[in-house]
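Summary of structural features
Below are the chains, spelled out letter by letter.
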Amino acid sequence: MSWIFGGKKPPPEELAGFPQIQVPQATGGSGGNSGDDDKNKKMQPYSFDSTALERAAKAAKELENSAHAKNALALIQEQEKTKAVQSQEKIKEYEVHLEQLKIDQTRAMGEENRKTLAEQGKQKQQQSQYEDQLARRRYDDQLAQQARMNEDNLRKQEESIKKQESMRLATMEKEAEIRHKHDMLRIEAEMRGRAKVERENKDIINEQLKLKAEEKRKTTLESITTIGSVMGSGLTTFLNNWNMITAAASGITLVVVGYYGAKHGIGLTAKSIEARLGKPSLVRETSRFTVSEALKHPIKSAKMLYRPPEDALKGIILEPSLEAKLRDIAISTRHTKKNKGYFRNILMYGPPGTGKTMFAKSLAKHSGMDYAIMTGGDVAPMGKDGVTAMHKVFDWAHTSGKGVLLFVDEADAFLRKRATEVISEDMRATLNAFLYRTGEQSKKFMLVLASNQPEQFDWAINDRVDEMVEFEIPSYEERERLVRHYFQSYILEPATLKTGRLRVAEFDYGAKCKDIAAKTEGLSGREISKLGVAWQAQAYASEDGILTQEMMDDIVQDSISQHAKKVAWQQGMEGSDTFYRSSKNSLATRILHNALKNSKNESSTSSHSSSPSGPEDNKPNKPSS
């Protein structure tokens, strides 16, 4: 009830329940000027109303006399306290709001400062970049100016050198001219002096020549007379003595017979030794003992004489069905050698680098035979000597005690069809000699032919083949085994050597080998082996000698691209360079490989169907690869 004594106006909610005191309103004017009256009311000062005080006093007395006056007073006090507390809370909320405004203002100022600093940093960075560009331009201008100055100096030096060289040449020419003149004058003076001396001493010289000629003539006549008298007396004595004639004739006969006998005997002995121990010119490589190899490599030759039999497929990774077939051939060949039976001739055909030569060598070692490798490209350059060289090869093979596995690599180079192919007479004669020496089965040698194009063989060659084995491009399983094998041989084993430089980074070797095997579709075994060599070389060429996955992937990708390009060249596709530059993947390699195989089959079929009929062509054609 502070408003009662304090003279403050109570709020409306506290006056509820109290009698309302009507305050009379000042009236004036007409009803039509209500707007002006309101304006006048606002402008007039407040006027004191005495009746209102009376009414208030009366209401206060009534309130004091009421039974509930104390309760009302207590209630009003509590309301006042509550409102005071609410007022304090509102003040605190207002202060908190002010603090929050200050915080927001500080945050906004900080954000503005940060933006300002960022903008200043950006401007400084742009300024530094611009200054750096200016410095680079100045440096480039200095370099260009220096280059121009160097060019000018070099050009001036070259001009100076040319001038000096021209002056030196002119000086040398002048000196040579002067020297030539002096020499000519000297020679002329010497000739004049010699001629003058000869003219003055002509009589003396002629007299000396006459005396020398007369003395020589007398000496020659005396010698002839003496020799004639001696020979005449000796011949007379010899003819008169019959025993001397008989002894002389016998001695001359013995000398002649001994000379020619020794000559032909030595020749025959040399030919026999050469046939047994020498290596024919057509044989490029052999495991058979030769004198020349024994002298060059005595320890190696001694080890070869006592080498134990090896597994025929040692180090060779092929398809399981092909391995089984080759193992059967190796077993049968070994038992044929032990029982001194007739060897069977084999034709191995397929893409290059699939293991044909490796298996031929392993087959010879496994069977206890000597191998001899010759290539068809060596026959054509021999010309007329090819027949003799071919006979020497087979004569040499027949002298072997162990038996010889004669491996002919690239056999289609000289064993072509005689009816359709254009070959020289020398090559035809050499082919006929080869057919003559291989017409029957042999216990001394085994013939193994290898070719990438077996459809080009003469039919007589096909008739001499007893077994045909196709070597194909390795599949995914074989590629994985090959990658693991060569990774172990070329990378992991050298990396275990403490003295070596090669090291391998830490990664999953098995997963990497599987990934490489999946990427290298279409690659041959030789190309996969070259990957191992390339990895090793790349590791040796690095700074720290560590082989990483990235290095391996780069080499694999490069090898795939090169293989694809080779296949495109073989197929003869137009625009192959552009195509493979944009699509370096195994899919393109597989497409081209299949296209190449199909084109070979088509060409083989067309060649068989279009060939003219002849004595050899009337026979059924051999199936192509």
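Quick note: structure is the one above.
Because the structure is a prediction, the values reported are computed rather than measured.

Counting 32 residues, the largest nonpolar core has Met-390, Leu-415, Phe-434 and Leu-449 as its most contacted members. Mapped by element, the contributors of at least two residues to this core are strand S2 (346-349), strand S3 (370-375), helix H11 (386-398), strand S4 (404-409), helix H12 (425-437), strand S5 (445-451) and helix H13 (459-463). Non-local contacts of Leu-415, meaning those with residues more than four positions away in its chain, are made with Leu-431, Phe-434, Leu-449, Gln-456, Phe-457, Asp-458 and Ile-461.

This part is about the pattern of salt bridges. Under the definition given, this model contains 21 salt bridges. One salt bridge connects Arg-114 with Glu-111, and the closest N-O pair in it is separated by 2.4 Å. Here Arg-114 and its partner Glu-111 are both found in helix H4 (residues 69-200), 3 residues apart, which amounts to about one turn of the helix. The class for Arg-114 is partly exposed, based on a relative accessible area of 46%. When its relative accessible area of 33% is taken as the criterion, Glu-111 is described as partly exposed. Residue Asp-183 pairs with Arg-186 through a salt bridge whose shortest N-O separation is 3.9 Å. With Asp-183 and Arg-186 both in helix H4 and 3 residues apart, the pair spans about one turn of that helix. You can call Asp-183 partly exposed: its relative accessible area is 30%. On the basis of relative accessibility, which here comes to 43%, the residue Arg-186 falls in the partly exposed class.

So, on to the sheet that holds S2. The mixed open sheet is built from 6 strands, whose spatial order is S1-S3-S4-S5-S2-S6. The open sheet is flanked by strand S1 (285-286) and strand S6 (467-470), the only strands paired with a single partner. Relative to S4, S3 runs parallel, the two being bridged by 6 bridges. In the strand pairing of S4, Ala-372 is matched with Leu-406. Contacting S1, S2, S3, S4 and S5, helix H10 (residues 356-367) crosses the sheet at an angle of about 175° to S4. Packing of H11 onto the sheet brings it into contact with S1, S3, S4 and S5, and relative to S4 it is tilted by some 150°.

The subject of this paragraph is H11. Relative to the 18 Å expected for 13 residues at 1.5 Å per residue, H11 spans 19 Å between its end C-alpha atoms, a close match to the ideal helical length. Those residues of H11 lying buried are Gly-386, Ala-389, Met-390, Val-393, Phe-394, Trp-396 and Ala-397. Seen from one end, H11 has its buried residues packed into an arc of 160°, which puts them on one side.

Another aspect to go through is the packing of aromatic side chains. Tallying each qualifying case throughout the model produces 7 aromatic pairs. Through successive ring pairs, a cluster of aromatic residues spans Phe-394, Phe-414, Phe-434 and Phe-445. One cation-aromatic arrangement involves Lys-443 over Tyr-342; the distance from NZ or CZ to the ring centre is 5.0 Å.

All right, on to the pairing of S5 then. S5 sits mainly inside the fold: 7 of its 7 residues count as buried. Here S5 shows no split at all, with Phe-445, Leu-447, Leu-449 and Ser-451 on one side and Met-446, Val-448 and Ala-450 on the other all buried. In the sheet, S2 pairs with S5 via 4 bridges, with the strands oriented parallel. Within S5, the position partnered with Tyr-349 by the bridge is Ser-451. Traced from S4 through H12 to S5, the parallel crossover comes out right-handed.

Following the criterion strictly, the structure yields 1 cavity of 30 Å³ or more and no others. Approximately 30 Å³ is the volume found for the largest cavity. Lining the largest cavity are Phe-343, Asn-345, Thr-438, Glu-440, Gln-441, Ser-442 and Phe-445. Class assignment of the residues belonging to the lining of the largest cavity gives a composition of 2 nonpolar, 4 polar and 1 charged.

What follows covers unusual backbone geometry. In this model, Lys-340 sits at a positive phi of 55°, which is unusual for a non-glycine residue. Structurally, the position occupied by Lys-340 is in the loop between helix H9 (320-338) and S2. A positive phi angle, close to 50°, is found at Glu-410, a residue other than glycine.

For the rest of this paragraph, the subject is a nonpolar patch on the surface. Where nonpolar side chains cluster on the molecular surface, the patch consists of Ile-252, Val-256, Tyr-259 and Tyr-260 and spans about 430 Å² of accessible area. As for its placement among the helices and strands, Val-256 is situated in helix H6 (residues 242-277). Val-256 gets classed as partly exposed once you look at its relative accessible area, which sits at 41%.

Moving on: the side chain of Thr-520. Along the polypeptide, Thr-520 turns up in the loop between helix H15 (509-519) and helix H16 (525-541). Residue class for Thr-520 comes out buried when judged on its relative accessible area of 0%. At a separation of 3.4 Å, a polar atom in the side chain of Thr-520 contacts the main-chain carbonyl oxygen of Ala-517. Those residues in contact with Thr-520 that sit more than four places away from it in its chain are Arg-479, Leu-531, Val-556 and Ile-560.

Contact geometry for H11 and H12: axes closest at 8 Å, N-to-C directions at 20°. Looking at the two axes, H11 sits roughly parallel to H12. Relative to H12, H11 is oriented so that their crossing is right-handed. Taking contact as the criterion, the partners of Gly-386, Val-387, Met-390, His-391, Phe-394, Asp-395 and His-398 in H11 are, on H12, Ala-429, Thr-430, Ala-433, Phe-434, Tyr-436 and Arg-437. Taken together, the residues of the contact of H11 with H12 sort by class into 7 nonpolar, 4 polar and 2 charged.

Let us look at the packing of H9 against H10. Between two packed helices, the angle of one axis relative to the other and the distance separating the axes together describe the packing. In contact at an axis separation of 9 Å, H9 and H10 are set at 40° when each is read in the N-to-C sense. Taken together, H9 and H10 sit at an angle that is classed as oblique. The two elements H9 and H10 cross, and the hand of that crossing is right-handed. Of the residues in H10, those touching H9 at Leu-326, Ile-329, Ala-330, Ile-331, Thr-333, Arg-334 and Lys-337 are Phe-359, Leu-363, His-366 and Ser-367. The residue inventory of the contact of H9 with H10, partitioned by class, reads 6 nonpolar, 3 polar and 2 charged.

How each quantity is defined
Residues numbered from 1 in each chain as written. Predicted model: local features only at pLDDT ≥ 70, side-chain atom pairs only at ≥ 80, totals over all residues. Heavy atoms only, no water. Core = buried A, V, L, I, M, F, W, Y, C linked by side-chain atoms within 4.5 Å. Buried < 20%, exposed > 50% of the residue type's maximum accessible area, 1.4 Å probe, protein only. Helix = DSSP H or I, 4+ residues; strand = E, 2+ residues; numbered from the N terminus. Contact = heavy atoms within 4.5 Å. Salt bridge = Lys/Arg side-chain N within 4 Å of Asp/Glu carboxyl O. Pairing = 2+ DSSP bridges. Axes fitted to C-alpha atoms, helices over the stretch in contact; angles between N-to-C directions. Expected span 1.5 Å × (residues − 1). Arc of directions from axis to C-beta. Phe/Tyr/Trp six-rings, centres within 6.5 Å; stacked < 30°, edge-to-face > 60°. Lys NZ or Arg CZ within 6 Å of the ring centre and 35° of its normal. Right-handed = clockwise from strand over helix to strand, strands pointing away. 1 Å grid on protein atoms, 1.4 Å probe; cavity = no way out; pocket = protein on both sides within 12 Å on 5 of 7 lines; lining within 4 Å. Points joined across faces, edges and corners; volume = space filled by probe spheres on them. Nonpolar A, V, L, I, M, F, W, Y, C, P; charged D, E, K, R; others polar. Patch = residues over 30% accessible without salt bridge, like charges linked within 9 Å, V, L, I, M, F, W, Y side chains within 5 Å. Areas by Shrake-Rupley, 256 points an atom, 1.4 Å probe, with all protein chains shown as cover. Polar contact = N/O pair within 3.5 Å; in protein donor to acceptor, adjacent residues only side chain to side chain. Parallel < 35°, antiparallel > 145°, perpendicular 65-115°, else oblique. Left-handed = near helix turned anticlockwise from the far one by under 90°.

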